[in-house]
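Examination of the molecular architecture
What follows is each chain in one-letter form.
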Amino acid sequence: MSTPYERSGRTRQKLRTRNELIAAARALVTRGGSAPTVEQAAAAASISRTTAYRYFPNQQALLVAAHPETDTRSLLPPDIGDDPEERLLAAVNAFTQLVIETEQQQRTMLRLSLGPDAPDDLPLRKGRAVAWFEDALDPLRPKLTEQGIHRLAMAIRSAVGIESLVWLTDVAGLPHDQATELMKWSARALLHHALSSGPPNSD
């Protein structure tokens, strides 16, 4: 989300400055695995601290903008058909690839998202992936109902993502390729179970 400062005068130059700060923050996270401050991102981008705060008033705002999933609206290719399993696997493949490619950023945001006092507007608390999986499962809406699609998407999200990757690699000791395949298998298994027995209810 842009600030009022960004929306007035020399907007193209300001967009470049904003993108430079975001790129610097992402690079710092990837290199160090910790959450950079606005000052650190400004120094890395050779931008003054005063200018940086005009774009990002605090560290949280910077990290939300730097999260790799911020602008993604759908994980499906434009020519995808209506087969639910094909659509779901396409979404899961894209999602797991994104998680692997941006693992350090994802781990940093996961640490910031844990606990009851974590801000609600952090990307991992917005349920973005649930919406992506609902999009993939949309052809099943007449059969599973709106609520059923939502609960199935939540179940799939619980088995796929940075949280699952951390457990599978750090706790279970699996290499990344095996962890990824297991997450995909879990997503497919949940879909098949929902089709044969129905999604979990809310009771």
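Here, every reference points to the structure presented above.
In short, a report on the structure.

Scoring rules and cut-offs
- Residues numbered from 1 in each chain as written.
- Predicted model: local features only at pLDDT ≥ 70, side-chain atom pairs only at ≥ 80, totals over all residues.
- Heavy atoms only, no water.
- Core = buried A, V, L, I, M, F, W, Y, C linked by side-chain atoms within 4.5 Å.
- Buried < 20%, exposed > 50% of the residue type's maximum accessible area, 1.4 Å probe, protein only.
- Helix = DSSP H or I, 4+ residues; strand = E, 2+ residues; numbered from the N terminus.
- Contact = heavy atoms within 4.5 Å.
- Salt bridge = Lys/Arg side-chain N within 4 Å of Asp/Glu carboxyl O.
- Phe/Tyr/Trp six-rings, centres within 6.5 Å; stacked < 30°, edge-to-face > 60°.
- 1 Å grid on protein atoms, 1.4 Å probe; cavity = no way out; pocket = protein on both sides within 12 Å on 5 of 7 lines; lining within 4 Å.
- Points joined across faces, edges and corners; volume = space filled by probe spheres on them.
- Nonpolar A, V, L, I, M, F, W, Y, C, P; charged D, E, K, R; others polar.
- Arc of directions from axis to C-beta.
- Expected span 1.5 Å × (residues − 1).
- Axes fitted to C-alpha atoms, helices over the stretch in contact; angles between N-to-C directions.
- Parallel < 35°, antiparallel > 145°, perpendicular 65-115°, else oblique.
- Left-handed = near helix turned anticlockwise from the far one by under 90°.

Section: the nonpolar core
As a rule of thumb, soluble globular proteins bury nonpolar side chains together. Counting residues in hydrophobic clusters, the biggest one holds 33 residues, and the most contacted among them are Phe95, Phe133, Leu137, Ile156 and Val160. If you list the elements that add at least two residues to this core, you get helix 5 (84–101), helix 7 (128–136), helix 8 (141–159), helix 9 (162–171) and helix 10 (176–197). Val160 has contacts with Val92, Phe95, Thr96, Phe133, Met183 and Ala187, leaving out every residue within four places of it along the chain. Grouped together as the second largest cluster of nonpolar side chains are 15 residues, Ile22, Ile47, Ala65 and Ala66 included.

Structural notes on the pattern of salt bridges
Per the counting criterion, the structure on display carries seven salt bridges. With its nearest N and O atoms 2.9 Å apart, the salt bridge here joins Arg107 to Glu103. Of this pair, Arg107 and Glu103 both sit in helix 6 (residues 103–113), four residues apart, roughly one helical turn. Owing to a relative accessible area of 18%, Arg107 belongs among the buried residues under this scheme. Notably, a salt bridge pairs Glu163 with Arg157, separated by 2.9 Å at the nearest N-O pair.

Comments concerning the packing of aromatic side chains
What describes a pair of aromatic rings is the distance from one ring centre to the other and the angle between the planes of the rings. Going through the model one piece at a time under the given rule, you end up with two aromatic pairs. Ring geometry for Phe95 against Trp132: centres 5.9 Å apart, planes inclined by 65°, an arrangement best described as edge-to-face. Taken together, the positions of Phe95 in helix 5 and Trp132 in helix 7 put the pair 37 residues apart, joining distant regions of the chain. When sorted by exposure, Phe95 lands in the same class as Trp132, which is buried.

Some words on empty space enclosed by the protein
As enumerated under the stated definition, the model contains one cavity of 30 Å³ or more in all. In this structure, the largest cavity occupies an estimated 70 Å³ of space. Taken together, 10 residues line the largest cavity, and the ones lying closest to its centre are Val29, Leu63, Ala66, Gln105 and Met109. Elements represented by at least two residues in the lining of the largest cavity include exactly helix 1 (11–32), helix 4 (59–66) and helix 6. Of the residues belonging to the lining of the largest cavity, the class tally is six nonpolar, three polar and one charged.

Looking at unusual backbone geometry
The residue Ser46 is not glycine, and still its phi comes out positive at about 55°. Within the secondary structure layout, Ser46 lies in the loop between helix 2 (38–44) and helix 3 (49–55). Here Thr145, not a glycine, exhibits a phi torsion of approximately 75°, which is positive. Among the secondary structure elements, Thr145 is positioned in helix 8.

A closer look at the environment of Thr102
Summarising the element assignment, Thr102 is placed in the loop between helix 5 and helix 6. Along the sequence, Thr102 and Arg26 sit 76 residues apart, while their C-alpha atoms lie 9.1 Å from each other.

Focus on helix 7
Taken as a whole, helix 7 has its buried residues at Ala129, Val130, Trp132, Phe133 and Ala136. Within helix 7, the buried residues cover an arc of 160° as seen down the axis, which keeps them to one side. Where helix 7 is buried, its residues touch helix 5 and helix 8.

Some points on helix 5
With 18 residues, helix 5 extends 26 Å from end C-alpha to end C-alpha; this agrees with the ideal 26 Å at 1.5 Å per step. Regarding helix 5, the residues found buried are Pro84, Arg87, Leu88, Leu89, Ala90, Ala91, Val92, Phe95, Thr96, Leu98 and Val99. Its buried side turned inward, helix 5 meets helix 6, helix 7, helix 8, helix 9 and helix 10.

Quick word on the packing of helix 7 against helix 8
Axis separation between helix 7 and helix 8 bottoms out at 8 Å; the angle between their running directions is 140°. When the axes of helix 7 and helix 8 are compared, the pair comes out oblique. Between helix 7 and helix 8 lies a crossing of right-handed hand. Of the residues in helix 8, those in contact with Ala129, Val130, Phe133 and Glu134 of helix 7 are Arg141, Ile149, His150, Ala153, Met154, Ile156 and Arg157. Among the residues forming the contact of helix 7 with helix 8, the class breakdown is seven nonpolar, one polar and three charged.

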